[in-house]
Amino acid sequence: MNEHIQKALIIDDETEICFLLAQILKRRNITSEYAGTITDALIIAEAFQPNIIFVDHRLPDGLGHDVIPILREKCPTARIIAMTAQEIFDQKTQVERCGADFLLEKPFLVNKVYELIEGLPVS
């Protein structure tokens, strides 16, 4: 990982997932912010300008894949990782069509998170 400051936005209404991901990212010197709703996520994304965004599929105010194109506009160089705990047929194709770079299935392994964040764009 390079020496530039990396920032992540975690969008999930499960506080435990946000805390877990933040701790995993902290081990790689990545600063994290989190949001529990799409509304909050859009405000934070614009101000925080993360290099990486984790976005859950089901959120209290909508579906994660619906907000991915908006996040892509606000943070065009960010790596976007869609997350889901549900087995939805062809979800990988669906989130990729929306602009996500990867799909991370819950529960996830720490090494899988590290694999997905390697090679982040420099801010």
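Look above for the structure.
Now for a look at the structure at hand.

How each quantity is defined
- Residues numbered from 1 in each chain as written.
- Predicted model: local features only at pLDDT ≥ 70, side-chain atom pairs only at ≥ 80, totals over all residues.
- Heavy atoms only, no water.
- Buried < 20%, exposed > 50% of the residue type's maximum accessible area, 1.4 Å probe, protein only.
- Helix = DSSP H or I, 4+ residues; strand = E, 2+ residues; numbered from the N terminus.
- Arc of directions from axis to C-beta.
- Contact = heavy atoms within 4.5 Å.
- Core = buried A, V, L, I, M, F, W, Y, C linked by side-chain atoms within 4.5 Å.
- Axes fitted to C-alpha atoms, helices over the stretch in contact; angles between N-to-C directions.
- Left-handed = near helix turned anticlockwise from the far one by under 90°.
- Nonpolar A, V, L, I, M, F, W, Y, C, P; charged D, E, K, R; others polar.
- Phe/Tyr/Trp six-rings, centres within 6.5 Å; stacked < 30°, edge-to-face > 60°.
- Lys NZ or Arg CZ within 6 Å of the ring centre and 35° of its normal.
- Pairing = 2+ DSSP bridges.

Quick look at helix 2 (residues 38-48) now. The α-helix advances 3.6 residues per turn, and as a result positions three or four apart in sequence lie on the same side. Burial in helix 2 covers these residues: Ile-38, Ala-41, Leu-42, Ala-45 and Phe-48. End-on view of helix 2: buried residues confined to an arc of 150°, all on one side of the axis. Seen from the buried face of helix 2, the exposed residues on the opposite side, beyond 90 degrees, are Ile-43 and Ala-47. Buried residues belonging to helix 2 abut strand 1 (6-11), strand 2 (30-35), strand 4 (58-59), strand 5 (62-63) and helix 3 (64-74). Following helix 2 by one or two positions, Gln-49 has its phi on the positive side, about 50°.

Turning next to the nonpolar core. Ile-11, Ile-53, Val-55, Val-67, Ile-68, Leu-71 and Ile-80 are the most contacted members of the largest nonpolar core, which has 20 residues in total. For this core, the elements supplying multiple residues, two or more each, are strand 1, helix 2, strand 3 (52-56), helix 3 and strand 6 (79-84). Here this core gets four residues from one element, more than from any other, and that element is helix 2. Counting residues in hydrophobic clusters, the runner-up holds 19 residues, among them Ala-22, Ile-30, Phe-54 and Ile-117.

This part covers the packing of helix 1 (residues 15-26) against helix 5 (residues 110-117). Across the interface, helix 1 lies against helix 5 with an axial gap of 11 Å and an inter-helix angle of 60°. Two packed elements cross with a definite hand, and for helix 1 against helix 5 that hand is right-handed. Seen from helix 1, the contacting residues are Leu-21, Ile-24 and Leu-25; seen from helix 5, they are Val-110, Val-113, Tyr-114 and Ile-117. Split into classes, the residues belonging to the contact of helix 1 with helix 5 amount to seven nonpolar, no polar and no charged.

Turning to helix 3, a few remarks are in order. Within the sequence span of helix 3, burial applies to Gly-64, His-65, Val-67, Ile-68 and Leu-71. Within helix 3, the buried residues cover an arc of 140° as seen down the axis, which keeps them to one side.

This part covers the packing of aromatic side chains. All chains considered together, the criterion is met by zero aromatic pairs. Above the plane of the ring of Tyr-114 lies Arg-28, whose end atom (NZ or CZ) is 3.7 Å from the centre.

Time to look at the sheet that holds strand 2. Sheet strands line up and pair through hydrogen bonds in the backbone, either parallel or antiparallel. Read from one edge of the open sheet, five strands run 2-1-3-6-7, paired in parallel fashion. On the outer flanks of this sheet lie strand 2 and strand 7 (102-105), each paired with one strand and no other. Neighbour to neighbour, the strand axes of the sheet diverge by 20° on average, direction disregarded. The sheet contact formed by strand 6 and strand 7 spans four bridges and is parallel.

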